[in-house]
Amino acid sequence: MLTSKFSITLLISLILFAGTLAIVPNCINLRIQRPVNFNVFMMAATGIYAFFKRDIFVGLLIIYTAFLSLQNIYITPQFYFSIFGLIVFYLYISAVELDREIIYDALVVIAALNFIAQLFQFFGIADFMWQITGGETPGLMSNVNETSALYAITAPAFFRRNRIGLIPVVIGGLVFAHSRQGVVALSVAVAVAAILNLKRQQLIVSLAGILLCGILFHAFVKPFTVDGKRIAVWGTTLKAASLKPIAGWGFGQYQVVIPSLTAKNMTPVQRSMLYDSIRDKEAFQKLSTLITKEDIRDEVFTQAHNEYVEMFFAMGIIGLLLGLIVLIDALLDARLQQDKIPLYGLLSVIIVCLFSFSLHIFPLAIITVLYLALIHIQAEKIDAHSFNE
């Protein structure tokens, strides 16, 4: 049984490596298909939730999500393969007995390999990567925001007594990434871990340590400032969402609706091509009357940089509530479980999603699905034990 358990756990670890590290950013791959990947994650996550809850109401919400998904203008065969892959990955983890320590060690190795890649980039050793990063050091991810999110999401695997000594890998990786979102998400996760596990004196020391690290990062790496560009994008997105608040604009529409109205340097030909892909042209015309000069910018934003705002845009209030239910319900289940690492990991995901588009990124989505599976496995065991009593 031990050999079988070890082999199965090793297989899961290899899948994690393949989903996060095997496809480097300069190859045509899943991670550049962001308009599809957000759709993929929502379909997989809601399907997973329906399987876990076995509820008719949730099943109806899945049908609603599928209806929106099939209208995505970016759908390719990869879309179906990706959804199938994530759901099978979840079901397989749910059906087998795993050695969680090995799974968490796999996450440690993933973070460590990204850090090594960052070192190569920093010292100019990995020239093939340096050319595509514009002087940044994202490691094996596509950009530093993804890298920062990866460290925040994998960091809880370092919270174990026999791995805490490797936490400088995470700290060093975040410093090289020069991105604040991972620091904020990790700080929240560490604070929650401290509150749940430490005595009062230890808690005060731990929180003071988090505050000190934040001050040092602010002073020497990158200041914590309000990002006016993102706030402006959120405002524009909410304007658009307010015109279709119930069902939303649909998946794949953000990438054509928002840039068409807000990208200052887009040519007429480019605008015409995007306009042809807009499904609800009447709503688009109404939206154009609400756009002001504050909404126009040099950058082309093809994501809202806030997954909850984009859920509202794409799926309406129904989809937003569904997404929040999937995440928050899992968080509440995890709070009661002995193994808290999935709790801290999912909490990091939820925080990162406030500032970025992590669910659009396949490597981050597959780790999120891993945490959901580990939480649901333990929840079912707790329910079964309570029923038997």
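Source: prediction; values computed, not measured.

On to the side chain of Thr 368, then. Relative to the elements of secondary structure, Thr 368 occurs in helix H17 (residues 362–388). By relative accessible area, which is 1% here, Thr 368 ends up buried. Setting aside residues no more than four positions away along its own chain, Thr 368 makes contact with Phe 41, Leu 346, Val 349 and Leu 359.

Okay, the packing of helix H5 (residues 100–122) against helix H8 (residues 168–177) next. Relative to each other, H5 and H8 sit at 45 degrees, their axes nearing to 9 Å. With respect to each other, H5 and H8 are oriented oblique. Crossing hand, H5 versus H8: left-handed. In this structure, H5 uses Ala 111, Ala 112, Phe 115, Gln 118, Leu 119 and Phe 122 to contact H8, whose residues at the interface are Val 169, Gly 172, Gly 173, Phe 176 and Ala 177. Per-class residue counts for the contact of H5 with H8 are eight nonpolar, three polar and no charged.

Moving on, we come to the pattern of salt bridges. One pass over the structure, following the stated rule, counts five salt bridges. The partner of Asp 339 in a salt bridge is Arg 100, with the nearest N and O atoms 2.7 Å apart. With Asp 339 in the loop between helix H15 (307–335) and helix H16 (341–352) and Arg 100 in helix H5, this residue pair connects regions lying 239 residues apart in the sequence. We note that Asp 339, like Arg 100, is buried.

What follows covers H15. Taking 1.5 Å of rise per residue, the 29 residues of H15 would be expected to cover 42 Å, yet its terminal C-alpha atoms sit only 23 Å apart, more than 12% below that figure. The largest bend in H15 amounts to roughly 130 degrees and is located at Met 315. Taken across its 29 residues, H15 has 21 buried, putting it largely inside the fold.

Looking now at the packing of helix H7 (residues 144–154) against H8. In the contact formed by H7 and H8, the axes pass within 9 Å of each other and the chain directions differ by 160 degrees. As far as their axial angle goes, H8 and H7 are roughly antiparallel. Remark: the crossing between H7 and H8 carries left-handed chirality. On the side of H7, the interface is formed by Val 144, Thr 147, Ser 148 and Tyr 151, while H8 contributes Val 169, Val 170, Gly 173, Leu 174 and Ala 177. Residue classes in the contact of H7 with H8 are distributed as six nonpolar, three polar and no charged.

Attention shifts here to the environment of Gly 235. Counting through the fold element by element, Gly 235 comes out in helix H11 (residues 228–243). Placed 59 residues apart in sequence, Gly 235 and Glu 294 show a C-alpha to C-alpha distance of 9.8 Å.

What follows covers the packing of aromatic side chains. Under the defined criterion, the tally for this structure stands at seven aromatic pairs. With a centroid separation of 5.1 Å and an interplanar angle of 85 degrees, the aromatic rings of Phe 122 and Phe 123 are classed as edge-to-face. Take Phe 123: its relative accessible area is 60%, and that puts it in the exposed class. Judged by centre distance (5.0 Å) and plane angle (80 degrees), the rings of Tyr 254 and Phe 313 are edge-to-face.

For the rest of this paragraph, the subject is helix H9 (residues 180–197). The first and last C-alpha atoms of H9 sit 26 Å apart over 18 residues, in line with the 26 Å expected at 1.5 Å per residue. The complete set of buried residues in H9 reads Arg 180, Gln 181, Gly 182, Val 183, Ala 185, Leu 186, Ala 189, Ala 191, Ala 193 and Ala 194.

The next point concerns the side chain of Asn 143. Along the chain, Asn 143 falls in the loop between helix H6 (127–133) and H7. Judged by relative accessible area, which is 18%, Asn 143 ranks as buried. At a separation of 3.0 Å, a polar atom in the side chain of Asn 143 contacts the main-chain amide nitrogen of Asn 145. Within the structure, the side chain of Asn 143 is placed 3.0 Å from the backbone nitrogen of Glu 146, a separation counted as a polar contact.

What counts and how
- Residues numbered from 1 in each chain as written.
- Predicted model: local features only at pLDDT ≥ 70, side-chain atom pairs only at ≥ 80, totals over all residues.
- Heavy atoms only, no water.
- Helix = DSSP H or I, 4+ residues; strand = E, 2+ residues; numbered from the N terminus.
- Buried < 20%, exposed > 50% of the residue type's maximum accessible area, 1.4 Å probe, protein only.
- Contact = heavy atoms within 4.5 Å.
- Axes fitted to C-alpha atoms, helices over the stretch in contact; angles between N-to-C directions.
- Parallel < 35°, antiparallel > 145°, perpendicular 65-115°, else oblique.
- Left-handed = near helix turned anticlockwise from the far one by under 90°.
- Nonpolar A, V, L, I, M, F, W, Y, C, P; charged D, E, K, R; others polar.
- Salt bridge = Lys/Arg side-chain N within 4 Å of Asp/Glu carboxyl O.
- Expected span 1.5 Å × (residues − 1).
- Bend = angle between axes of the 7 residues up to and from the residue.
- Phe/Tyr/Trp six-rings, centres within 6.5 Å; stacked < 30°, edge-to-face > 60°.
- Polar contact = N/O pair within 3.5 Å; in protein donor to acceptor, adjacent residues only side chain to side chain.

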